[in-house]
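# Residue-level structure breakdown
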Amino acid sequence: MLNQIKGLHHVTSMASDAQQNNAFFTGLLGLRRVKKTVNFDAPDVYHLYYGDETGSAGTIMTYFPFPNMAKGHRGTGEVSETVFAVPEGALDFWRERLDHAGVHGIARDERFGEKRLRFLGPDGDGFALAEVAGDPRAPFARGPVPADTGIHGFRGVTMQLRDTDATAALLKLMGYEEVGRDGDLTRLVLKGGNGADIIDLERRPEAPKAREGAGSVHHVAFAVEDRAAQVQVRKALLEAGAHVTPVIDRDYFWAIYFRTPDGVLFEIATHEPGFARDEDVAHLGEALKLPEQHAHLRARLEQTLPAITD
Ligand code: ZN
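In short, a report on the structure. Keep in mind that this is a model prediction, so the values were computed, not measured.

### Considerations on the pairing of strand 11 (residues 185-189)
The buried fraction of strand 11 amounts to five of the five residues, a majority that puts the element mostly inside the structure. Residue alternation in strand 11 divides its side chains into two sets, Leu185, Arg187 and Val189 and Thr186 and Leu188, and both sets are buried. The sheet contact formed by strand 10 (residues 177-182) and strand 11 spans five bridges and is antiparallel. Pairing of Gly180 across the sheet is with Arg187, part of strand 11. Where strand 10 folds back on strand 11, the antiparallel hairpin that results is connected by two residues, among which Gly183 adopts a positive phi of roughly 60°. Strand direction decides the pairing type here: strand 11 and strand 12 (residues 198-203), joined by five bridges, are antiparallel. Across the sheet, Arg187 pairs through a bridge with Asp200, a residue of strand 12.

Here it is, written out as structure tokens:
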């Protein structure tokens, strides 16, 4: 069993409208935009990052907003829900806030003893807030949400799968422990993780396969400290039969990717070098940052990328 993984690093999803996406995460959920850049493989599309003050691993929700992209359909073989941690007692505040903003799909539930509030993003993205006592991670303090109710970061994700055994075995190899079952749900936890350390697997043997589109999670990334730890994890995954990519420089972290037996795209990302690599922490996310290989496109991209007003 590996001990290099520290919990989630980031979750990356797709959206149909950059402005709407930015308003939802900064204006409504109160996260900080920590980077405004473009998709490495499709530089005509933004890559927007939202998180805490510095974009700590385990807090970073990222989006590729493809203009007018058709909505995805929830199903098996995907991350079906991204869960954020909020302080105990904060759900009444959030219910009113989200309701007032016209957010769809708001519903209370309880899972493994945790009080939760489910809701949908602008493209039908599945989200939940979970009340967590004593989460030490500071919510972003300069956003519109009071810090005593603010989002600490991720709690974890839920995956919908036809069968959960193979993914549970993979997660156990990665350092997760199974801590509970409730009907078709299996909960795995990374003990001693960064707070974003819960993975719930939901078994849905009869459900159709997910179709990817706006509102779908593209991939989920797990955190490791540095490149040395990443190499160790990569070696263990290869030995376990996973088809893992070489290490790729993503400017703000180093990444490797592989698909789970059920087709979910996993990434392992390093803490180093972080989002302050190319701009001061005081001004994270303000200017358009371009990867070096796309720097020559700046004049055109500044014309063609949709305007985002804060
Ligand atoms: Zn990623």
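### Quick notes on the sheet that holds strand 3 (residues 46-51)
Consider a sheet: its strands pair through backbone hydrogen bonds, and that pairing is either parallel or antiparallel. The sheet built from eight strands is open, its strands ordered 2-3-4-1-13-16-15-14 with mixed pairing. Of all the strands in the sheet, the pair left with one neighbour each is strand 2 (32-38) and strand 14 (248-249). Of the strand pairs in this sheet, strand 14 and strand 15 (residues 253-259) are connected by two bridges, and their pairing is antiparallel. Looking at strand 15, one finds that Asp249 is bridged to Trp254. In the packing of helix 4 (residues 227-239) onto the sheet, contacts are made with strand 13 (217-224), strand 15 and strand 16 (265-273), and the angle to strand 16 comes to roughly 160°.

### What to know about the pattern of salt bridges
With the rule as written, the count across this model stands at 24 salt bridges. For Lys35, the salt bridge is made with Asp278, and the minimal N-O distance between the two is 2.6 Å. On the criterion of sequence distance, the pair formed by Lys35 in strand 2 and Asp278 in the loop between strand 16 and helix 5 (298-304) is long-range, its members being 243 residues apart. Overall, the relative accessible area of 0% leaves Lys35 in the buried class. Arg118 is the salt-bridge partner of Asp109, the closest N and O atoms lying 3.0 Å from each other. Among the charged side chains, a network of salt bridges with common partners joins Glu81, Asp109, Arg111, Glu114, Arg116, Arg118, Arg155, Arg187, Asp197 and Asp200.

### Things to note about the environment of Ala23
Within the secondary structure, Ala23 is located in helix 1 (residues 18-28). Relative accessible area serves as the criterion here: at 36%, Ala23 is assigned to the partly exposed category. Separated by 287 residues in the primary sequence, Ala23 and Asp310 place their C-alpha atoms 7.1 Å from one another.

### Observations regarding the side chain of Glu267
When you line up the elements, Glu267 lands in strand 16. Looking at Glu267, its side chain comes within polar contact range of the side chain of His219, at 2.8 Å. Sequence-distant contacts of Glu267, that is, excluding residues within four places in its chain, are made with His10, His219, Val220, Ala221, Phe222, Phe253, Ala255, Ile256 and Tyr257.

### Looking at the environment of Gly134
Mapped onto the elements of the fold, Gly134 is located in the loop between strand 8 (126-131) and strand 9 (153-161). A sequence separation of 47 residues divides Gly134 from Pro87, and the C-alpha atoms of the two residues are 7.4 Å apart.

### Examining helix 1
What helix 1 keeps buried is the set Ala18, Asn21, Asn22, Phe24, Phe25, Thr26 and Leu28. Where helix 1 starts, the residue carrying a side-chain oxygen 3.1 Å from the main-chain nitrogen of Gln19 turns out to be Asp17. Directly after helix 1, the chain includes Gly30, whose backbone phi takes a positive value near 80°.

### Description of the pairing of strand 8
For strand 8, a buried count of six out of six residues is recorded, marking the element as mostly surrounded by other parts of the structure. Here strand 8 shows two buried faces, one formed by Gly126, Ala128 and Ala130 and the other by Phe127, Leu129 and Glu131. Bridging between strand 5 (residues 78-86) and strand 8 involves five bridges; their strand directions are parallel. Bridge pairing in strand 8 places Val86 opposite Glu131. Pairing between strand 7 (residues 114-120) and strand 8: five bridges, direction antiparallel. Among the inter-strand pairings, Arg116 is bridged to a residue of strand 8, identified as Ala130. Linking two consecutive strands that pair antiparallel, namely strand 7 and strand 8, is a turn of five residues; a positive phi of about 85° is found at Gly124 within it.

About the cut-offs
Residues numbered from 1 in each chain as written. Predicted model: local features only at pLDDT ≥ 70, side-chain atom pairs only at ≥ 80, totals over all residues. Heavy atoms only, no water. Buried < 20%, exposed > 50% of the residue type's maximum accessible area, 1.4 Å probe, protein only. Helix = DSSP H or I, 4+ residues; strand = E, 2+ residues; numbered from the N terminus. Pairing = 2+ DSSP bridges. Contact = heavy atoms within 4.5 Å. Axes fitted to C-alpha atoms, helices over the stretch in contact; angles between N-to-C directions. Salt bridge = Lys/Arg side-chain N within 4 Å of Asp/Glu carboxyl O. Polar contact = N/O pair within 3.5 Å; in protein donor to acceptor, adjacent residues only side chain to side chain.

All we've got here are geometric facts, nothing functional implied.
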